[in-house]
Amino acid sequence: MESKEDEELKKVQVVDARARNISHNVRCTECGSQSIEDSQADIAILLRKLIRDEIQSGKSDKEIYKKLEDDFGETVLYAPKFDMQTAGLWLSPLLVAGAAGGLWAFKKHRQKTNVHIMVLDLVRGVPLTPKEKETMLDILTPPPPVGSTPSSWWWGRWTGR
């Protein structure tokens, strides 16, 4: 007798877990920003009951999602499927990242190209603008030696080196 009750309890728990999982992935048609699991709207309560009834009748999760999509439209699902209508939504992050990477590469290429043009101008004897002279000096000036910073001078003097 007790094992029969345990089986029933397990079955109820499985149905409840599946229903909650599906309910978290379905948007409330009245609220819009909440799942039907979180919403207390009348339509959300009815949809939760519908989902439990469908699970108890033996339907799979895919069949339930399909029924909800057919009855309420694709916007009821939080994760829209990939098709021609939603391709822009799914591919837009890749397009933005690609455009940003292309712009970055173009700017890097232009920086190198500008330096080469300035060097060619110098070789040809074309005078540089003050901005170009400053850029060339920044590029061609070697970095200061490692041990000649003022802080290292004070540290050496303080430690007696």
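Just so we're clear, the structure is a prediction, and the values are computed from it rather than from any experiment.

Peer 1: Describe a nonpolar patch on the surface, with residues and values.
Peer 2: Taken together, the side chains of Phe82, Leu89, Trp90, Leu91, Leu94 and Leu95 define a hydrophobic patch exposed on the protein surface, amounting to about 680 Å² of accessible area. Examined against the element boundaries, Leu91 turns out to sit in helix H4 (residues 87–124).

Peer 1: Which residues make up the UniProt feature "transmembrane region" (unreviewed entry) in the protein chain, and what values do they have?
Peer 2: Mapped onto this numbering, the UniProt entry gives "transmembrane region" (unreviewed entry) at residues 87–106. Measuring from the first to the last C-alpha atom of residues 87–106 gives 27 Å, for a span that is 100% helix and 0% strand.

Peer 1: So what's going on with the pattern of salt bridges? Residues and values would help.
Peer 2: Taken as a whole, this structure holds 7 salt bridges when the rule is applied. One salt bridge connects Arg52 with Asp16, and the closest N-O pair in it is separated by 2.5 Å. Of this pair, Arg52 sits in helix H2 (residues 42–56) while Asp16 is found in helix H1 (residues 2–24), placing the two residues 36 residues apart along the sequence. Glu54 is paired through a salt bridge with Lys59; the nearest N and O atoms lie 3.0 Å apart. Overall, the relative accessible area of 12% leaves Glu54 in the buried class. Since its relative accessible area comes to 32%, Lys59 is described here as partly exposed.

Peer 1: Could you give an account of the nonpolar core, with specific residues and numbers?
Peer 2: Formed by 15 residues in total, the largest nonpolar core has its most connected members in Ile22, Val26, Ile36, Ile51, Ile55, Ile64 and Leu68. Here this core takes 4 residues from H2, the largest share from any one element. Discounting chain neighbours no more than four positions away, the residues touching Leu68 are Val26, Leu47, Leu50, Ile51, Gly73 and Val76.

Cut-offs applied
- Residues numbered from 1 in each chain as written.
- Predicted model: local features only at pLDDT ≥ 70, side-chain atom pairs only at ≥ 80, totals over all residues.
- Heavy atoms only, no water.
- Patch = residues over 30% accessible without salt bridge, like charges linked within 9 Å, V, L, I, M, F, W, Y side chains within 5 Å.
- Areas by Shrake-Rupley, 256 points an atom, 1.4 Å probe, with all protein chains shown as cover.
- Salt bridge = Lys/Arg side-chain N within 4 Å of Asp/Glu carboxyl O.
- Helix = DSSP H or I, 4+ residues; strand = E, 2+ residues; numbered from the N terminus.
- UniProt positions renumbered as here; feature names shortened; annotations may be inferred.
- Buried < 20%, exposed > 50% of the residue type's maximum accessible area, 1.4 Å probe, protein only.
- Core = buried A, V, L, I, M, F, W, Y, C linked by side-chain atoms within 4.5 Å.
- Contact = heavy atoms within 4.5 Å.

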